[in-house]
Amino acid sequence: MDITSFHQIARAIIEWGAIVVALLLGLGALAIAVMYVVDKVQTRHAIRRNYPVVGRFRYLFEHLGEFFRQYFFAMDREELPFNRAERAWVYRAAKEADTTVAFGSTRPLTIEGDVFFLNSAFPTLDEDAVQPRPVTVGEGFCLKPYTNSSILNISAMSFGAISEPAVRALARGAREAGVWMNTGEGGLSRYHLESGADLVFQIGTAKYGVRDQAGQLSDEKLLAIAAHEQVRMFEIKMSQGAKPGKGGILPGRKVTEEVALIRGIEPGVDSISPNGHPDIRCADDLLDMITHIRQLTGKPVGFKTVVGQLDFFHDLFRAIHRRGPDVAPDFITIDSADGGTGAAPQPLIDYMGMPLQESLPLVVDLLQEYGLRERIKVIASGKLIGPAKVAWALAVGADFCVSARGFMFALGCVQALQCNKNTCPTGITTHDKDLQRGLVPAEKSLRVAAYARQLAYSVGIIAHSCGVTEPRGLQRGHVRVIESTGASRSMAELHPEPAVKAEYAGFADALGRREAG
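Residues numbered from 1 in each chain as written. Predicted model: local features only at pLDDT ≥ 70, side-chain atom pairs only at ≥ 80, totals over all residues. Heavy atoms only, no water.

Asker: Looking at this model, I keep getting lost on the pattern of salt bridges. Mind explaining?
Answerer: Opposite charge on two side chains allows them to pair when their charged atoms are near. This structure, assessed with the given rule, holds 28 salt bridges. The partner of Arg375 in a salt bridge is Asp330, with the nearest N and O atoms 2.9 Å apart. Taken as a pair, Arg375 in the loop between helix H12 (356-369) and strand S12 (377-381) and Asp330 in the loop between helix H10 (311-323) and strand S11 (331-335) lie far apart in primary sequence, 45 residues in all. We note that Arg375, like Asp330, is buried. Connected via shared salt-bridge partners are Glu164, Arg168, Glu194 and Lys433. (Salt bridge = Lys/Arg side-chain N within 4 Å of Asp/Glu carboxyl O. Helix = DSSP H or I, 4+ residues; strand = E, 2+ residues; numbered from the N terminus. Buried < 20%, exposed > 50% of the residue type's maximum accessible area, 1.4 Å probe, protein only.)

Asker: When you look at the pairing of strand S14 (residues 479-482) in this model, what are you seeing that I'm missing?
Answerer: Sheet faces and side chains relate simply in a regular strand, where the side chains alternate between the two faces. In the sheet, strand S1 (residues 115-117) pairs with S14 via 3 bridges, with the strands oriented antiparallel. Each residue of the ladder has a partner; that of Phe116, found in S14, is Arg480. With antiparallel pairing between neighbouring strands as the criterion, S14 and strand S15 (residues 488-490) make up a hairpin whose turn holds 5 residues, including Gly486 at a positive phi of roughly 100 degrees. (Pairing = 2+ DSSP bridges.)

Asker: What exactly am I supposed to notice about the packing of helix H7 (residues 219-226) against helix H9 (residues 283-297) here?
Answerer: Helix-helix packing is described using two parameters, namely the angle between the two axes and the distance between the axes. It is the contact of H7 with H9, at a shortest axis distance of 10 Å, that shows an interaxial angle of 55 degrees. Compared by their axis directions, H7 and H9 come out oblique. Viewed along their axes, H7 and H9 form a crossing whose handedness is right-handed. Along its contact with H7, which presents Asp219, Leu222, Leu223 and Ala226, the element H9 presents His292, Ile293, Leu296 and Thr297. Of the residues that constitute the contact of H7 with H9, the class distribution is 5 nonpolar, 2 polar and 1 charged. (Axes fitted to C-alpha atoms, helices over the stretch in contact; angles between N-to-C directions. Parallel < 35°, antiparallel > 145°, perpendicular 65-115°, else oblique. Left-handed = near helix turned anticlockwise from the far one by under 90°. Contact = heavy atoms within 4.5 Å. Nonpolar A, V, L, I, M, F, W, Y, C, P; charged D, E, K, R; others polar.)

Asker: Explain the side chain of Arg375 here, please?
Answerer: Exposure remark for Arg375: the relative accessible area of 2% places this residue in the buried category. Reaching out from Arg375, the side chain makes a polar contact with the backbone oxygen of Pro325 at a distance of 3.0 Å. A polar contact is formed between the side chain of Arg375 and the backbone oxygen of Ala328, at a distance of 3.1 Å. (Polar contact = N/O pair within 3.5 Å; in protein donor to acceptor, adjacent residues only side chain to side chain.)

Asker: How should a nonpolar patch on the surface be read in this particular structure?
Answerer: On the surface, Val20, Leu23, Leu24, Leu27, Leu30, Val34 and Val38 cluster together to form a nonpolar patch covering roughly 630 Å² of accessible area. Looking at the element boundaries, Val34 is found in helix H1 (residues 3-41). (Patch = residues over 30% accessible without salt bridge, like charges linked within 9 Å, V, L, I, M, F, W, Y side chains within 5 Å. Areas by Shrake-Rupley, 256 points an atom, 1.4 Å probe, with all protein chains shown as cover.)

Asker: I keep staring at empty space enclosed by the protein and nothing clicks. Help me out?
Answerer: Remark: the empty space left among the atoms is shown by a probe the size of a water molecule rolled over them. Under the defined criterion, the tally for this structure stands at 2 cavities of 30 Å³ or more. Reported here for the largest cavity is a volume of approximately 80 Å³. Around the largest cavity, the lining comprises 14 residues; the ones closest to its centre are Trp180, Asn182, Glu235, Thr333 and Val402. Elements with a contribution of two residues or more to the lining of the largest cavity: strand S7 (231-237), S11 and S12. Taken together, the residues that form the lining of the largest cavity break down as 8 nonpolar, 4 polar and 2 charged. (1 Å grid on protein atoms, 1.4 Å probe; cavity = no way out; pocket = protein on both sides within 12 Å on 5 of 7 lines; lining within 4 Å. Points joined across faces, edges and corners; volume = space filled by probe spheres on them.)

Asker: Explain H12 to me, please; I cannot follow it from the model alone.
Answerer: Residues lying three or four places apart along an α-helix face the same way, a consequence of the helix completing one turn every 3.6 residues. With 14 residues, H12 extends 19 Å from end C-alpha to end C-alpha; this agrees with the ideal 20 Å at 1.5 Å per step. Buried residues in H12 make contact with H10, S11, S12 and helix H13 (387-396). One or two steps after H12, the chain reaches Gly371, where phi turns positive at roughly 70 degrees. (Expected span 1.5 Å × (residues − 1).)

Asker: Would you mind showing me how to read the layout of surface pockets here?
Answerer: Estimated volume of the second largest pocket: approximately 650 Å³. Taken together, 22 residues form the lining of the second largest pocket, with Met238, Ser239, Thr305, Val306 and Phe312 sitting closest to its centre. Ranked by residue count, the leading element in the lining of the second largest pocket is H10, at 3 residues. For the lining of the second largest pocket, the residue count by class is 11 nonpolar, 9 polar and 2 charged.

Asker: Looking at this model, I keep getting lost on the pairing of S12. Mind explaining?
Answerer: Among the 5 residues of S12, 5 are classified as buried, and the element is accordingly described as predominantly covered. The side-chain alternation of S12 yields two buried faces, one formed by Lys377, Ile379 and Ser381 and the other by Val378 and Ala380. Pairing between S11 and S12: 5 bridges, direction parallel. Along S12, the bridge assignment pairs Asp335 with Ser381. As paired strands, S12 and strand S13 (residues 400-403) are joined by 3 bridges and run parallel to one another. Looking at S13, one finds that Ser381 is bridged to Val402. In terms of handedness, the path from S12 via H13 over to S13 forms a crossover that is right-handed. (Right-handed = clockwise from strand over helix to strand, strands pointing away.)

And the structure:
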């Protein structure tokens, strides 16, 4: 090919390039003109009507702002619901990367309500440290009590709210780390079962997975669920942290054929659970359902709730004393008002319910006053994604802790706040197959297990520094709470552990002898 041919090719490229550029400019100008006319004529948006075309950027920036703030503008400790420092610790723990930091803490020690722990002059030596002691739920009151020593377990996340690969990765990671996984109210899927992980089956207000044609609790389906050995306990969901007084919300675009089959509902239709159990309208109703499920399945049964009006707990505990300890729940899961969800009305997510820092000591103390502390185990839930918060909950009196969002971060969640839109960029809360491709269960399960192990190890570090041999040895006296003046006060003074009320002392003694026997 001679030089003339090269010149001809170059000239043709330039000419056609000029035509394409002119065409694109023309189309751009036409698009701007169309948008200008549309914006001037429409009546819904004042900004676009007054500032046609350029006003559209306001909505674009508003949409993109929540994604960019966490990377470019928010400081390490100021972002909500979880700040960068919290998320970064989980990411490092899940990846088995170095979780140490240098130079000094970025956490201020003057924020009212925050806590710190009291180190002992004689910390527990490495050779004296022991593994967390096991706790048994339902011992002496059901045929198949459940024993586990786990510190942090996987809280309720329904299949449907989260994707198939997410469920598979969580279940496999739970099995590897020796922690349990709560199914959430969406029912039991084959993905929960395939790894052999211990499971807690949650019964929501819609009774998904265990409902009959009329939406009532089905004994036949309950027995089928209980027949799986790895289903260790049943949890009745009374209310959830992010939306107390409101049932589960799963948009129709996330109700696939498989999700609908498991739940017993129509595919493609919004899955809206009742805002309460129609068959539980008082404390005795709740005890009746707990007793029925426990007698039918032989497994421990408890309930999950956000603490609100305390009269409920007084009524419940008095009813237990009236009817006997056999009707009591085997555990109570206390969820925090700042718990997570896939979708909730903002008035509830912002303003309803008690936060865990107030509700957990209240419930633990009430159990103690009524002589029920040994009978009923306590599970703490709500933003417990880091070692310090888990250690605090154990010191207050929790027997176990659970977290959903902590394990979501271990899966790779970037807090994109798209859980309710089926557009989750990490494949965790979407049924879009293209987006799910990014979540490889075999890989992410390793991170789930690593996070659970590292958190338990880190809680152990706090316990050993306080001078106790294992995490469940932590007490309220090991914690101080920062007050409004900037000074701190012992949590044992703020929340002194009460004595058993005189009228229930004999009940508590008899219960202790029964469990010891």
